[in-house]
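Report on the structure
What follows is each chain in one-letter form.
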Amino acid sequence: IHFNGKESLKAGIERINKSVEDDFTHILPLYRESYPAAGNVARADMDNAVMKGSKTIQIHSITKKPKRQRLRTKAYQQFASKEEFNKWIDDCYLLMGQGFFYQHNFSAAAENFSLILRKFPDEKIRYDAMVWLIRSYNELDRFSEAMEIIQLLQSDKSFPRKLEKELAKVTADHYMKQKDYPESIKYLDICLKKSSDRKEKARIQYIVAQLYRETGNEEKARNAFLAVRKFNPPFKMAFNAWINAAGIFSGQGDPEKTKKELRKMLRDEKNVEFRDQIYFALANILYKEGDRKAAIENYRKSVSSSVDNTYQLALSSITLADIYFEEPDYREAQAYYDSAMIVIGEEYPDYDKLNERYKSLTRLVENLTTIEVQDSLQKLALMPEKEREAL
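Rules and cut-offs
Residues numbered from 1 in each chain as written. Predicted model: local features only at pLDDT ≥ 70, side-chain atom pairs only at ≥ 80, totals over all residues. Heavy atoms only, no water. Helix = DSSP H or I, 4+ residues; strand = E, 2+ residues; numbered from the N terminus. Rg over C-alpha atoms; globule rule 2.2 N^0.38 Å. Buried < 20%, exposed > 50% of the residue type's maximum accessible area, 1.4 Å probe, protein only. Contact = heavy atoms within 4.5 Å. Lys, Arg positive; Asp, Glu negative; His and termini not counted. Charge placed at Lys NZ, Arg CZ, Asp CG, Glu CD. Core = buried A, V, L, I, M, F, W, Y, C linked by side-chain atoms within 4.5 Å. Expected span 1.5 Å × (residues − 1). Phe/Tyr/Trp six-rings, centres within 6.5 Å; stacked < 30°, edge-to-face > 60°. Lys NZ or Arg CZ within 6 Å of the ring centre and 35° of its normal.

1. Some details on the overall build of the protein chain
- Across its full length, the protein chain carries 20 helices and zero strands.
- For the protein chain, the C-alpha radius of gyration of 28 Å lies well beyond 21 Å, the compact-globule estimate for 391 residues.
- Overall, the protein chain is about 120 × 50 × 35 Å in size when its C-alpha atoms are taken along their principal axes.
- Burial analysis of the protein chain (391 residues in total) assigns 47% to the buried set.
- Of the contacts made within the protein chain by residues no fewer than 6 positions apart, 58% connect residues no fewer than 24 positions apart.
- Between the centroid of the 64 positive side chains of the protein chain and the centroid of its 60 negative side chains there is a distance of 10 Å.

What follows is the structure, encoded as structure tokens:
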């Protein structure tokens, strides 16, 4: 029963990895299953995993104490003090916790992992449960509780080496979620050294590059983006890594050569679906060079050439809207905020701030339009009849 549940869990994870698209316009989550959409993608598989774990516990749990022996050795006393005598039961609680976790029922997941720590405090599986409990607390924003466990495991000399990479990864996630990017990078570097999975390493390397860029270290960000390709990542990640490296104005490399390469990519028919990203990278370089007019033109082209990449459409629209807002050109700003608001949801970073600005600008533009129309009508009304007819 446990085997079948485990297979459902694997199938669900595979479904999430295939179905949930990465948003390369923002910092990638360390775990793909952290995306809000991931919770429903594999719900049926995870329901089955939870059900199998629960069924095993209900049918096969052994809690009856053994007959008392006259000669009670230390080994016997340790064995007899257990609450559970079926060695698969703790695995089933872990399976259920993982199933709940992938459904984004993080509270139920945390309850199952905590139960393992209470019922099986001397079993090795407690370390797996603690790592998963950190992940659950991170998702629930219970950061102080997560940190308590992290510190406990970091000081535990019995902590298994096979889980060191996972501990570093959940610790990096802990700091990322609190936007402590320098501290997160330290643990991501540990993950890179300890991981043997090239796909995982490519993702971590890409995130490291994004975090360097976020902290303003453009030279390290550029080098980190260029390093992504050595892990043979999927095409979209490789493309975005190169585009990001090209768009970073770090003082390294030849910007004229980079612009020439980007324009060459625009002429290539196979890059049609990526033109919005190429225009955006080109606009970033031009903007940082101080050519505001050419940058705006390329940002506009990025918006107009967006086919099905709503993430890039939103980013290009908001970038352009922000520029117009600063000028100020409130009509153009409102128009591009409007384009962005159509495709973003409440989970988008700074959504409330964007929405408030968009609503304010919409009211302003409506009033400006009313004033212009009324001014024109009143000017016409005050004209002599012959002049009005001539006009």
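The discussion continues.
2. Quick notes on the nonpolar core
- In this structure, Leu30, Ile134, Leu153, Leu188 and Tyr206 are the most contacted members of the largest nonpolar core, which totals 75 residues.
- If we ignore the near neighbours within four places in the chain, the residues touching Tyr206 are Phe24, Leu28, Phe225, Val228, Met237, Asn240, Ala241 and Asn244.
- Core analysis: the next-biggest nonpolar cluster, separate from the first, contains 39 residues, Leu262, Tyr299, Ile323 and Tyr336 among them.

3. Section: the side chain of Ser316
- Considering the arrangement of structural elements, one finds Ser316 in helix α17 (residues 310-326).
- Overall, Ser316 belongs to the buried group, its relative accessible area being 0%.
- When near neighbours in sequence (up to four residues on either side) are disregarded, Ser316 contacts Phe280, Tyr299, Ser302 and Val303.

4. Some thoughts on the environment of Ala246
- Within the secondary structure, Ala246 is located in helix α13 (residues 235-247).
- Separated by 21 residues in the primary sequence, Ala246 and Phe225 have C-alpha atoms spaced 9.3 Å apart.
- In this structure, Ala246 is in contact with Thr258, Leu262 and Ile285, ignoring residues within four places of it in sequence.

5. Regarding the environment of Arg275
- Here Arg275 is to be found in helix α15 (residues 275-289).
- As for Arg275 and Ile318, which are separated by 43 residues in sequence, their C-alpha atoms are 17 Å apart.

6. Regarding α13
- Here α13 spans 18 Å end to end across 13 residues, near enough to the 18 Å set by a 1.5 Å rise per residue.
- By the burial criterion, the buried members of α13 are Met237, Phe239, Asn240, Ala241, Ile243, Asn244, Ala245, Ala246 and Gly247.
- In the core, the buried residues of α13 are packed alongside α11 (198-214), α12 (218-227), α14 (255-267) and α15.

7. Quick word on the packing of aromatic side chains
- In total, this model carries 16 aromatic pairs according to the counting rule given.
- Between the aromatic rings of Phe101 and Tyr102, the centroid separation amounts to 5.9 Å while the plane-to-plane angle is 85°, which identifies the pairing as edge-to-face. In this structure, Phe101 and Tyr102 share a single accessibility class: buried.
- With a centroid separation of 5.5 Å and an interplanar angle of 85°, the aromatic rings of Tyr127 and Phe159 are classed as edge-to-face. A residue pair is termed long-range when its members are at least 10 positions apart, and Tyr127 in helix α7 (residues 125-139) and Phe159 in the loop between α8 (143-154) and α9 (164-177) qualify at 32 residues.
- On the basis of relative accessible area, Tyr127 is assigned to the buried category, the value being 3%.
- An aromatic cluster is present here, built from Phe101, Tyr102, Phe106, Phe113 and Trp132 joined pairwise through their rings.
- Lying over the aromatic face of Tyr31, Arg135 brings its terminal NZ or CZ to 3.6 Å of the ring centre.
- A cation over a ring is seen here: Arg357 above Phe325, with NZ or CZ 3.8 Å from the ring centre.

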